[in-house]
Amino acid sequence: VTITTRLLVSHLSGIRHYEKDITKVKEEKEKANRALKLTKPYQDKEQNEESGQGIEKTDSVKPRKEHESEIKSRNSKPGRSYKEFEQEEYYLKEKFGSVIESLKIFKNDPLFFKPGDQFLYSTYGFTLLSAVVERASGQKFTDYMLKMFRDLDMLSTVLDDNEAMIYNRARCYVYNKKGRLVNAPYVDNSYKWAGGGFLSSVGDLLKFGNALLYSYQAGQFKNTDGKLLPGYLKPDTVAMMWTPVPKTEVSWDRDGKYAMAWAVVEKKQQYGCCRQQRHYASHTGGAVGASSVLLILPEELGSDAINSGLVEPPRGVIVSIICNMQSVSLNSTALKIAREFDKEKWAQ
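Small disclaimer: the values here were computed from a predicted structure and weren't measured.

A.B. asks: Residues and numbers for the state of the cysteines, please.
C.D. replies: Counted under the stated rule, the structure contains zero disulfides. The closest cysteine sulfur to the non-disulfide-bonded C172 is located on C323, 9.3 Å from its own sulfur. When its relative accessible area of 25% is taken as the criterion, C172 is described as partly exposed.

Encoded structure:
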């Protein structure tokens, strides 16, 4: 078989995630699909209420029911099972000297399916991708990334190195079996730098989101008298990254499809005066003792704005949330925040 970088970045490679048993993965997928069918009517009702249709939603609506629905939605696809953090490999303590060395964890394991046939979220797929970057660039992957973070002015984004003294590093927490809050166990993330091995801040993630949004929109603006600097990436590159890939799925947003390292919801409206689906890109993060989300909602630019030369990119809303708590579902919260800011902007 052939595994390309495009298959890796869209999780279509067939490389396993933390679960080594393909039978258990299939069982989880079947359970998740059944759960999705059961929760879909409630989710549709909730969407209608948010859009102003049906009964007005108030603070007295049961938050627990909403939270449960959110969790079911998050766990509706393989790779985001509520049992995911029971996998032993999440808690590795071995320190790896290079990404090439960390490939030994899974390099001899069979593929779960022929590359390109199915979607399976795989952190190890991104470990292999980081090895490709290392060989192609001729640099250590970590050095390559830290230089990129510096170019992006993300000076608070560093390796999650246990030995290093990192200013303002947060403690991470989990709930134990008795439901009590405890410190997260010690882990070493050197086996998965690309898939979950960096520490960052809300401010840095906002810079990252704005850099991508600027790159995405830079090619659309006219009459800037050459004053508009190019984006960090070409507009076509970001557009490609934010184009849904066939056969993919997203665990944290049932409206979305997976693209290239991003979940993407496309603009859609089927009926007049009914629900509108805005175009946005997002990605959640889950680690031992931490959860996160970064969501980018581009502004829908009219021809007047594009041609006037009075406005410049980035235009839109970026939402970043980092929580030092494990298994917190944040995508729907980020989307609600983005919509509120977007609504307020248009009201002005």
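Past the structure itself, the notes keep going.
A.B. asks: I'd like to hear about helix 6 (residues 141–151), residue by residue, with values.
C.D. replies: Residues of helix 6 that are buried include every one of F141, T142, M145 and F149, and no others. Within helix 6, the buried residues cover an arc of 95 degrees as seen down the axis, which keeps them to one side. Its buried side turned inward, helix 6 meets helix 4 (99–102), helix 5 (123–137), strand 1 (158–159), helix 7 (193–196) and strand 4 (198–199).

A.B. asks: Which residues make up the nonpolar core, and what values do they have?
C.D. replies: Ranked by size, the top nonpolar core spans 39 residues in total, and within it Y124, L212, W242, W262 and I296 carry the most contacts. Put simply, the parts of the chain that give this core at least two residues each are helix 1 (5–9), helix 5, helix 6, helix 8 (202–218), helix 9 (235–241) and strand 8 (290–298). With four residues, the top contributor of residues to this core is helix 5. Two domains each donate at least three residues to this core, and these are domain 1 (1–34 + 80–154 + 188–194) and domain 2 (200–347). Sequence-distant contacts of W262, defined by excluding residues within four places in its chain, comprise F208, L212, M241, W242, K257, A281, S282, H283, L294 and I296. Within the second largest apolar cluster, twelve residues are counted, among which are V317, V319, A334 and L335.

A.B. asks: Account for the pattern of salt bridges, with residues named and values stated.
C.D. replies: In total, this model carries 14 salt bridges according to the counting rule given. Measuring nitrogen to oxygen at the nearest pair gives 3.1 Å for the salt bridge that ties D153 to K207. In this pair, D153 is assigned in the loop between helix 6 and strand 1 and K207 in helix 8, connecting sequence segments 54 residues apart. In this structure D153 comes out as partly exposed when scored by relative accessible area, which is 38%. Between D342 and R278 there is a salt bridge, and its shortest N-O distance comes to 2.6 Å. Taken as a pair, D342 in helix 11 (residues 331–347) and R278 in the loop between strand 6 (263–265) and strand 7 (280–287) lie far apart in primary sequence, 64 residues in all. Both residues of the pair, D342 and R278, belong to the buried class. Each of the salt bridges in this network shares a partner with another, and the network as a whole consists of R16, K20, E89 and D109.

A.B. asks: How would you sum up the sheet that holds strand 8? Please name residues and give values.
C.D. replies: With antiparallel pairing, five strands are arranged side by side in an open sheet as 5-6-7-8-9. Among the strands making up the open sheet, the edge pair consists of strand 5 (257–258) and strand 9 (316–323). Note: strand 7 against strand 8, seven bridges, orientation antiparallel. Residue pairing for strand 8: H283 is matched across the bridge by L294.

Here is what the cut-offs are and how they apply
The residue numbers shown here count from 1 along each chain, following its written sequence. Local features in this predicted model are restricted to residues of pLDDT 70 or higher, and side-chain atom pairs are both shown and tallied only at a pLDDT of 80 or more, whereas totals for entire chains, interfaces and linings draw on every residue. Remark: hydrogens and water are excluded; side-chain values derive from all non-hydrogen atoms of the structure. Sulfur atoms of two cysteines make up a disulfide when they are within 2.5 Å. The buried label goes to any residue with under 20% of its type's maximum accessible area, the exposed label to any with over 50%, and the partly exposed label to all in between, with areas taken from a 1.4 Å probe on protein chains only. Helix and strand definitions follow DSSP, with helices as H or I runs of at least four residues and strands as E runs of at least two, each counted in order from the N terminus. In this context, the arc is that of the directions from the helix axis out to the C-beta atoms. Any two residues whose heavy atoms approach within 4.5 Å at even a single point are treated as in contact. The definition of a nonpolar core used throughout is a set of buried Ala, Val, Leu, Ile, Met, Phe, Trp, Tyr and Cys residues joined through side-chain atoms within 4.5 Å. As annotated, the domain borders come from an automatic or database domain assignment. By definition here, a salt bridge exists when the distance from a side-chain nitrogen of Lys or Arg to a carboxyl oxygen of Asp or Glu is within 4 Å. Two strands pair under a simple rule: DSSP has to find at least two bridges between them.

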